[in-house]
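Spelled out from the first residue to the last, the chains are:
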Amino acid sequence: MNLADIVSHQQQKAAQQMHDAQHWQARHDKWLSEINRLFSDITAWLREAGVAADAIEQTQQTLYEEQLGQYPTPVLKVAIGLNHITFQPKGTFLIGAYGRIDATSDLADTPAVKLVADIDQSPATAPDTPAHEQDWQWLVYPGGARPGGHVLDKETFADLIALLLEKTSNTSSNNNTP
């Protein structure tokens, strides 16, 4: 991809996000649906790997976003051995993304991992189709750094868990990353 392609792609995403502002409630509903779908996938992967059902807990938090006000979202907490991992939604109205969930461990010196929702580019859709009418995919950004994301699937999820449960002295979490 050359610079002109990158700029064009980002301009198209920005124009799409401005158009989407007219569809905030539908975007909110899509965001919550995608969180629930993701947490369902994560729960299934963990259960298949032998994590007990009572070691996986879904709680609620309240988020505030200017476009939506306050609203509840689920939070997923997982105990694996003596360690705990939390998947906490951060919001849907972000620059360069359609949503973000931070995955963190209770271990010291482990990097944060950002899960970023973006439009799934594989199915062809018209450029003016609102985000809430398109398929989304989750991308994994180890250490929170962009670029370098990978599509979240069962295999990349295993890598994410390994990263969160292994201590490292080189943490590079970046809170300015979507």
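Details of the structure are given in the entry above.
The strands making up a sheet associate through hydrogen bonds between their backbones, and the pairing can be parallel or antiparallel. Read across the open sheet, the 7 strands follow the order S1-S2-S3-S4-S5-S6-S7; overall the sheet is antiparallel. If you trace the sheet from one side to the other, it starts and ends with strand S1 (56-65) and strand S7 (150-151), each paired once. Inspection of the sheet shows strand S6 (residues 136-142) paired to S7 by 2 bridges, in the antiparallel sense. The residue bridging Val-140 from the neighbouring strand is His-150, located in S7. Most of the contacts of helix H3 (residues 154-165) go to strand S3 (residues 83-91), to which it runs at about 115°, and overall it touches strand S2 (69-80), S3, strand S4 (99-105), strand S5 (113-119), S6 and S7.

A few words now on the environment of Gln-10. With respect to the helices and strands, Gln-10 occurs in helix H1 (residues 3-20). Gln-10 sits in the partly exposed class, given a relative accessible area of 39%. Measuring from C-alpha to C-alpha, the distance between Gln-10 and Ile-95 comes to 9.9 Å, with 85 residues separating the pair along the chain.

Criteria and thresholds
- Residues numbered from 1 in each chain as written.
- Predicted model: local features only at pLDDT ≥ 70, side-chain atom pairs only at ≥ 80, totals over all residues.
- Heavy atoms only, no water.
- Pairing = 2+ DSSP bridges.
- Helix = DSSP H or I, 4+ residues; strand = E, 2+ residues; numbered from the N terminus.
- Contact = heavy atoms within 4.5 Å.
- Axes fitted to C-alpha atoms, helices over the stretch in contact; angles between N-to-C directions.
- Buried < 20%, exposed > 50% of the residue type's maximum accessible area, 1.4 Å probe, protein only.

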